[in-house]
Amino acid sequence: MTQSSRAQAHEQQPGDRSDDVTGRRARTGRTASGDRPAPGDRIASGGRTASGDRIASGDRLGEAQAYGNPQPSVGSIAAHRPYAVADPVASPGLEPDLDADLGPYGRDAYDTYDGYDDYGSDGYGHNGYGPGAYGTRPDGGPGRDAAADPHADGPLPQGRFLDRERSWLAFNERVLELAEDPETPLLERANFLAIFASNLDEFFMVRVAGLKRRIATGVATRSASGLQPREVLELIWTRSRELMARHAACYQQDVAPALADEGIHLIRWNELTDKEQGRLFTLFRQQIFPVLTPLAVDPAHPFPYISGLSLNLAVVVRNPVSGHDHFARVKVPPILSRFLEASPQRYVPLEDVIAAHLEELFPGMEVLAHHMFRVTRNEDLEVEEDDAENLLQALEKELMRRRFGPPVRLEVEESIDPYVLDLLVRELKISDAEVYPLPGPLDLTALFRIAALDRPELKYPKFVAGTHRDLAEVESASAPDIFAALRERDVLLHHPYDSFSTSVQAFLEQAAADPDVLAIKQTLYRTSGDSPIVDALIDAAESGKQVLVLVEIKARFDEQANIKWARKLEEAGCHVVYGLVGLKTHCKLSLVVRQEGDTLRRYSHVGTGNYHPKTARLYEDLGLLTADPQVGADLSDLFNRLSGYSRRESYRRLLVAPRSLRDGLVARIAKEVAHHRAGRPASIRIKVNSMVDETVIDALYRAARAGVPVDVWVRGICALRPGVPGLSENIRVRSVLGRFLEHSRVFAFGNGGEPEVWLGSADMMHRNLDRRIEALVRVTDPAHRASLSRLLETGMSDSTASWHLGPDGGWTRHATDGDGQPLRNVQEMLIDARRRRRGSPTP
């Protein structure tokens, strides 16, 4: 997968699996002594629990090896009542009164699988804040007061959660809208088309595959949003079909012609000149033909395995002697460039070149027809880490099995012959509802290459991040002295506006080279293929420093790369651990211990994004560099828990999942209610990638009912319904998409006039709060709190371009004002601000 696709797809994680409440026991297995290791026991390369017991095979619910192939008609969706709201799934995390009990909520550490909900004429169509409401929101607008609402402390209504799958598809629709927007630079439109396609591939590979598995094994239950899993699946099929048709039309009717107007021609074989065809024939003979493998299908040749996401030609040939027709499959080699340059700025798909020369592959046979098709398979991983003696080896084996997952989608050219289509459907054992006929070319992820063409006038204006002003002002004979800067003040970084390479990367590189540094402790979730972060850690270990690296080898679709880094780090002498049993290590932490005179000083970095220099130029993220002793002590305690035997659950300036993060946020939300009722300033502002967790959403509903204004800035999935009378009039939800992937997480509370602000790695999803190690750090510098508050205000402002979420789950784009003038672009504003302020001292 390309870096560009990661910029919209990664960390949104459309395929992050939500294990059904009733579908699976906790993955705890049993130790050799018979005891169950609970989630949180350490995993080391030796496959033993923290107590040293070897992990043996334990109890688990058997997984079906073969998927069921339900054959519901897409049309059957009309039979269910779209506006009927069923009872939500009971959950111990949904307390009747969050104000009465701020203690632990006793949630099961599983996700519930959400279904579709569609509110129409039931009164939930109202959006915004009604007249006559009182109080003020953070933006100065009116709010509704609990004193005027007799239901403020009553039970919350059913049907209050939007469906996560529908919400994710709406996120990808927003990506598509950027591709459809003529104001988006042309090659960026091509890039967004590729991102949309890549995102949808992952959604089918994991989310849809997981839903089919639950249905097949009989463990899927009605979701919090009210629909049965089969209904959810049919709705996914219907909605994705609509979006894929829009996607293809955008390319065929809009982007491709516009590219041609700019001299970039994406053409088919029959549009080439004779000279171009001759040149490509030579290329075919020399570089393409040798790597092709035609596979026949007959009694002696069974139907071949079709690998996931591969592009294939279904070929029908006739034996002129016998007169019999035969089927064959030719795979388009993924190692070759998808678009071939026939002549300058004229590109033809690789499959067209292969199709034009099929006679070379089947000499003596008559080629009757050929059709393109593409299969998407289940590529989620099922690693029972509690049962694995060695997690790394178990994961490697599962990565091999990933290639052979059951199919979940078949894309075909809309001109395909019915006989060929029936053959594919029968052999792949796929339902008619999972077949997607589309105009060619299929697989528009290939547009990533076109978007990378050197045509700067057709892209966003170039932006090169500069060194953060608080680091650049430190005088040094060579590079800035990061440690000297941090002894003066904390540094709040905002990537990509502040350079990653001259801040976080420089911090670790300086630590590796500094003879006074004794130890470095680091988490790695995703990093680049030629990572300077890994190189710095290796340099540090080879120079004799103690280096501990928490490598999360279960990071989806980066598993193989992380296995490689784990081995490379171990070979260099780093202490490598893989986290805790049942939990992914997703927190973004770095700790440096340095000898300074007679004392040891700890320097820390806590961030919202990965230690990935390449995506740091595409992702919007925040990070705090600090020499604060409390943060250093917290990170020491947390790293000891991750690598050793510590059971610490409370920290000084951190909230850590799965123990304290949800409860800590819910307690602070409830505290805002108390401030509001006492007449003190109260507000809640949250910026996350996803808002799904029912306990947090219910806490926000109760705060909004009480009169507390709530703003949620979310990039992707949101299960919260804003603007519902009597429930959420005081809640606004906005989404910003653009040239950078909004990826930071910020939580800001009015706190009675003494603002409290947190930043860190956690989204409001079950996976983050129950099955991951996540960390938020409290921001204490008043200037940094003010800066983050301004960021949240700007993103939520009505004068800023964004999408607004309505109570029915629909998103509306607001890009122009009443006079048709463009609204402010928050990302461009931040770019301009950095250019103006670069080099100026901190106020």
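Scroll up to find the structure.
(A) Region of the structure containing the overall build of the protein chain. Of the regular secondary structure elements, the protein chain holds 21 helices and 29 strands. With 843 residues in all, the protein chain has 61% of them scored as buried. Look at the contacts in the protein chain between residues 6 or more apart in sequence, and 76% of them connect residues 24 or more apart. With the model as given, the accessible surface of the protein chain reaches about 31,400 Å², and the carbon-plus-sulfur share is 50%.

(B) Summary view of the environment of arginine 662. Topologically, arginine 662 is positioned in helix α17 (residues 661-677). A polar side-chain atom of arginine 662 sits 2.8 Å from a polar atom in the side chain of aspartate 693.

(C) Representation of the pattern of salt bridges. By the definition in use, this model includes 45 salt bridges. We note a salt bridge from glutamate 411 to arginine 409, for which the minimum N-O separation is 3.5 Å. On the basis of relative accessible area, arginine 409 is assigned to the buried category, the value being 1%. Taking the shortest distance from any N to any O, the salt bridge between arginine 835 and aspartate 832 comes out at 4.0 Å. Of this pair, arginine 835 and aspartate 832 both sit in helix α21 (residues 826-837), three residues apart, which is roughly one turn of the helix. Overall, the relative accessible area of 43% leaves arginine 835 in the partly exposed class.

(D) Region of interest: the packing of aromatic side chains. Applying the stated criterion across every chain yields a total of 10 aromatic pairs. Here phenylalanine 303 and phenylalanine 327 contribute two aromatic rings whose centre-to-centre distance is 6.1 Å and whose plane-to-plane angle is 15°, an arrangement assigned as stacked. Of this pair, phenylalanine 303 sits in the loop between β4 (294-297) and β5 (311-318) while phenylalanine 327 sits in strand β6 (residues 325-331); the two residues are 24 residues apart in sequence, bridging distant segments of the chain. Judged by its relative accessible area of 17%, phenylalanine 303 falls in the buried class. Given a relative accessible area of 4%, phenylalanine 327 falls into the buried group. On the basis of an interplanar angle of 85° and a centroid distance of 5.6 Å, the ring pair of tyrosine 497 and phenylalanine 740 is categorised as edge-to-face. Here phenylalanine 740 lies in the loop between β23 (731-735) and β24 (741-742) and tyrosine 497 lies in the loop between β12 (491-495) and α13 (504-513), a separation of 243 residues in the sequence.

(E) Structural view of empty space enclosed by the protein. Under the definition given, this model contains five cavities of 30 Å³ or more. By volume, the largest cavity amounts to about 180 Å³. Lining the largest cavity we find 19 residues, and of these His247, Glu411, Leu438, Asp443 and Leu444 sit closest to its centre. Every element with two or more residues in the lining of the largest cavity is listed here: α3 (186-217), α4 (229-261) and β10 (407-413). Top contributing element to the lining of the largest cavity by residue count: α4, with five residues. A per-class count over the lining of the largest cavity returns 11 nonpolar, three polar and five charged.

(F) Structural view of the packing of helix α2 (residues 164-180) against α3. Running from N to C, α2 and α3 cross one another at 165°; their axes reach a closest spacing of 7 Å. One element, α2, and the other, α3, form an angle in the roughly antiparallel class. Crossing of α2 against α3: the hand is left-handed. Along the contact surface, α2 presents Arg164, Glu165, Trp168, Leu169, Phe171, Asn172, Val175, Leu176, Leu178, Ala179 and Glu180, while α3 presents Arg189, Phe192, Leu193, Ile195, Phe196, Asn199, Leu200, Phe203 and Arg207.

(G) Representation of the sheet that holds β4 in the model. Reading across from one edge, β4-β6-β5-β9-β10-β11 is the order of the six strands in this open sheet, with mixed pairing throughout. Strands at the two margins of the open sheet, each flanked by one partner only, are β4 and β11 (435-438). Put simply, the sheet's adjacent strands are angled 30° from each other on average, direction ignored. Relative to β11, β10 runs parallel, the two being bridged by four bridges. By the bridge assignment, glutamate 411 is partnered in β11 with tyrosine 436. Against the sheet, α4 touches β10 and β11, its axis set at about 15° to β11.

(H) Layout of the nonpolar core. Ranked by size, the top nonpolar core spans 128 residues in total, and within it Ile354, Ile450, Met691, Leu700 and Met764 carry the most contacts. Looking at this core, the element that brings in the most residues is α3, giving 15 residues. The residues touching isoleucine 354, leaving out its near neighbours within four places in the chain, are Phe284, Ile288, Leu292, Leu313, Val330, Val332, Pro333 and Leu361.

(I) Quick peek at the pairing of strand β17 (residues 588-596). Most of β17 sits out of view: eight of its nine residues are buried. The pairing of β17 with strand β18 (residues 599-607) spans nine bridges and is antiparallel. By the bridge assignment for β18, valine 592 is matched with tyrosine 603. Between β17 and β18, which pair antiparallel and follow one another directly, the connecting turn spans two residues, one of which, glycine 597, has a positive phi of 70°.

(J) Local environment of the sheet that holds strand β7 (residues 339-343). Sheet architecture is open: three strands sit in the order β3-β8-β7, paired in mixed fashion. Sheet topology places β3 (265-266) and β7 at the edges, where each strand pairs with a single neighbour. Relative to β7, helix α5 (residues 274-288) is tilted by about 135°, and along the sheet it contacts β7 and β8 (346-349).

(K) Expanded view of a negative patch on the surface. A cluster of acidic side chains, namely Glu509, Asp535, Asp539 and Glu542, defines a negative patch on the protein surface. Ranked by residue count, the leading element in the negative patch is helix α14 (residues 532-542), at three residues. Taking relative accessible area as the criterion, glutamate 509 reaches 34% and is therefore assigned partly exposed.

(L) A look at α14. Burial within α14 is extensive, with eight of its 11 residues counted as buried. Within the sequence span of α14, burial applies to Pro532, Ile533, Val534, Ala536, Leu537, Ile538, Ala540 and Ala541. One side-chain oxygen at the N-terminal end of α14 lies 3.1 Å from the backbone nitrogen of isoleucine 533; it belongs to serine 531.

(M) Geometry of unusual backbone geometry. The linkage connecting glycine 440 with the following residue, proline 441, adopts the cis geometry, with an omega of 0°. In this model, alanine 657 is joined to proline 658 through a cis peptide bond whose omega is 10°. With respect to the helices, strands and loops of the structure, proline 658 is situated in the loop between β20 (654-657) and α17. Positive phi outside glycine occurs at leucine 309, with the angle close to 65°. Leucine 309 gets classed as partly exposed once you look at its relative accessible area, which sits at 26%. Of note in this structure, glutamine 345 is not a glycine but carries a positive phi near 65°.

Definitions and cut-offs
Each chain has its residues counted from 1, running along the sequence as written. Selection of residues for local features in this predicted model requires a pLDDT of at least 70, selection of side-chain atom pairs for listing and counting requires 80 or more, and totals for whole chains, interfaces and linings are taken over all residues. For the side-chain quantities, the full set of heavy atoms in the structure was used; hydrogens and water were omitted. Helix and strand definitions here come from DSSP, where helices need a minimum of 4 consecutive H or I residues and strands a minimum of 2 consecutive E residues; each element is numbered from the N-terminal end. Whether a residue is buried, partly exposed or exposed follows from its accessible area with a 1.4 Å probe, protein chains only, as a fraction of its type maximum: under 20%, in between, or over 50%, in that order. The criterion used for residue contact is that any of the two residues' heavy atoms lie within 4.5 Å. The method behind every accessible area is Shrake-Rupley, applied with a 1.4 Å probe, and residues are considered shielded solely by the protein chains displayed. Any pair of nitrogen or oxygen atoms within 3.5 Å is treated as a polar contact; in protein, a donor-acceptor pairing is required on top of that, and neighbouring residues in sequence qualify only through side-chain atoms on both sides. Here, a salt bridge means any side-chain nitrogen of Lys or Arg that lies within 4 Å of a carboxyl oxygen of Asp or Glu. Only centres within 6.5 Å qualify two rings of Phe, Tyr or Trp (six-membered ring in Trp) as a pair; their planes then separate them into stacked at under 30 degrees, edge-to-face at over 60, and tilted for everything else. Buried and open spaces are told apart on a 1 Å grid over the protein atoms alone, a cavity being a set of points where a 1.4 Å probe fits but cannot get out and a pocket being an open set with protein on both sides within 12 Å along at least five of seven lines. Residues with an atom within 4 Å of a point are the lining residues. Grid points are joined across faces, edges and corners, and a volume is the space filled by probe spheres set on the points. Three classes are used: nonpolar for Ala, Val, Leu, Ile, Met, Phe, Trp, Tyr, Cys and Pro, charged for Asp, Glu, Lys and Arg, and polar for all others, with Gly counted as polar. In this description, a line fitted to the C-alpha atoms serves as the axis of each element, helices being fitted only across the stretch in contact, and the angle between N-to-C directions of two axes falls anywhere from 0 to 180 degrees. Orientation labels follow simple angle bins: below 35 degrees gives roughly parallel, above 145 gives roughly antiparallel, 65 to 115 gives roughly perpendicular, and whatever is left gives oblique. Two helices crossing with the near one rotated counterclockwise from the far one by less than a right angle form a left-handed crossing, whereas a clockwise rotation gives a right-handed crossing. Strand pairing requires that DSSP identify at least two bridges connecting the strands. What we call a nonpolar core is a set of buried Ala, Val, Leu, Ile, Met, Phe, Trp, Tyr and Cys residues that are connected through their side-chain atoms within 4.5 Å. Each patch is assembled from residues with relative accessible area greater than 30% and no salt bridge, linking like charges that lie within 9 Å and nonpolar side chains (Val, Leu, Ile, Met, Phe, Trp, Tyr) that lie within 5 Å. When charges are counted, Lys and Arg are positive and Asp and Glu negative, with His and the chain ends excluded. Where a charge lies is defined by one atom per residue type, namely NZ (Lys), CZ (Arg), CG (Asp) and CD (Glu).

Note that every value here comes from positions in space, so none of it alone points to a role or purpose.
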